[in-house]
Amino acid sequence: MYRHIFIAIDDSPTSRKALKEAISLAQIHGATLEIAHAIDENLVHVFHSKGMTTTTRKELKKVLRTDAEGCLERAVKRAEKAGVKATPRLLRGHGEHSSDLIASAIQESEADLLVVGSHGRRGVRRLFLGSVAENLARKVSISVLMVRGTEPAEDEG
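Given the structure is predicted, the values throughout are model-derived calculations rather than measurements.

I keep staring at the overall build of the protein and nothing clicks. Help me out?
Within the protein, the secondary structure is distributed over six helices and five strands. Taken from the N to the C terminus, the helices and strands of the protein come in the order β-α-β-α-α-β-α-β-α-α-β. For the protein, buried positions account for 42% of its 157 residues. Pairs at least 24 apart in sequence give 77% of the contacts found in the protein among residues at least 6 apart. In the structure as shown, the protein presents an accessible area of about 9400 Å², 51% of it carried by carbon and sulfur atoms.

Shown next as structure tokens:
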């Protein structure tokens with residue numbers, strides 16, 4: 001029986017599908033749900049150094065944080081509407097891979113199940129984009145439920 005379920009979300013359709021699954025499991029087991037979203041503030045430096053934004057670093061950090069907080073708030077409301085006790089957890093890093101941030105948070109949380117969405121990328125897309133879900137499955141010592149999304153078409157960006 002699971003008592004503490006940890007889910008990492010990113011506000012994608014696959015992530016929302018994983019959240020639905022995590023909520024169902026929490027209902028069945030009477031478990032608490034810890035909902036995490038990781039943001040890498042190192043992206044601020046990348047966006048500025050590549051000329052990808054005209055906003056200030058401070059403004060961009062605020063946007064990243066506001067978006068993450070909104071994502072977490074919507075997820076917690078969804079869980080609570082289903083009668084599941086949920087706690088949000090915003091993870092912030094400065095260059096660490098998202099899977100490292102999430103794995104550290106899982107260890108601190110004493111969760112007994114990780115639920116994570118997998119975008120189902122294959123081939124070259126997987127090679128270049130990597131998989132947070134796959135990295136997490138190798139890094140954590142608890143059970144992992146990977147919820148598959150739909151595989152994007154080969155010609156999609």
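I would appreciate a short explanation of the packing of helix α1 (residues 13–29) against helix α3 (residues 57–81) in the present structure.
Two packed helices can be described by the angle between their axes and the distance between those axes. Packing of α1 against α3 brings their axes to within 10 Å, and their N-to-C directions diverge by 35°. For the pair α1 and α3, the sense of crossing is right-handed. Contacts between α1 and α3 involve R16, L19, K20 and I23 from the first element and A75, R78 and A79 from the second. Class assignment of the residues belonging to the contact of α1 with α3 gives a composition of four nonpolar, no polar and three charged.

I keep staring at the pairing of strand β1 (residues 4–8) and nothing clicks. Help me out?
Note on strand geometry: in a regular strand, side chains alternate between the two faces of the sheet. Across the five residues that make up β1, a large majority, five, are buried. Of the two faces of β1, the one carrying H4, F6 and A8 and the one carrying I5 and I7 are both buried. In the sheet, β1 pairs with strand β4 (residues 113–118) via four bridges, with the strands oriented parallel. In the strand pairing of β4, I5 is matched with L113.

Would you explain helix α4 (residues 98–109) in this entry?
It helps to recall that an α-helix has 3.6 residues per turn; residues three or four apart then point in one direction. The first and last C-alpha atoms of α4 sit 16 Å apart over 12 residues, in line with the 16 Å expected at 1.5 Å per residue. When α4 is considered as a whole, its buried residues turn out to be S99, L101, I102, A103, A105, I106 and S109. Within two residues after α4, E110 carries a phi angle of roughly 60°, on the positive side.

Sorry, what's going on with the pattern of salt bridges here?
Oppositely charged side chains are able to pair whenever their charged atoms sit close together. Tallied over the full model, the rule gives seven salt bridges. Taking the shortest distance from any N to any O, the salt bridge between E73 and K77 comes out at 3.2 Å. Taken together, the positions of E73 and K77, both in helix α3 and four residues apart, correspond to about one turn of that helix. Residues E108 and R89 are paired through a salt bridge, measuring 2.4 Å at the closest nitrogen-oxygen approach. With E108 in helix α4 and R89 in strand β3 (residues 86–93), this pair connects stretches of sequence that are 19 residues apart. Overall, the relative accessible area of 56% leaves E108 in the exposed class.

The rules behind each value
- Residues numbered from 1 in each chain as written.
- Predicted model: local features only at pLDDT ≥ 70, side-chain atom pairs only at ≥ 80, totals over all residues.
- Heavy atoms only, no water.
- Helix = DSSP H or I, 4+ residues; strand = E, 2+ residues; numbered from the N terminus.
- Buried < 20%, exposed > 50% of the residue type's maximum accessible area, 1.4 Å probe, protein only.
- Contact = heavy atoms within 4.5 Å.
- Areas by Shrake-Rupley, 256 points an atom, 1.4 Å probe, with all protein chains shown as cover.
- Axes fitted to C-alpha atoms, helices over the stretch in contact; angles between N-to-C directions.
- Left-handed = near helix turned anticlockwise from the far one by under 90°.
- Nonpolar A, V, L, I, M, F, W, Y, C, P; charged D, E, K, R; others polar.
- Pairing = 2+ DSSP bridges.
- Expected span 1.5 Å × (residues − 1).
- Salt bridge = Lys/Arg side-chain N within 4 Å of Asp/Glu carboxyl O.

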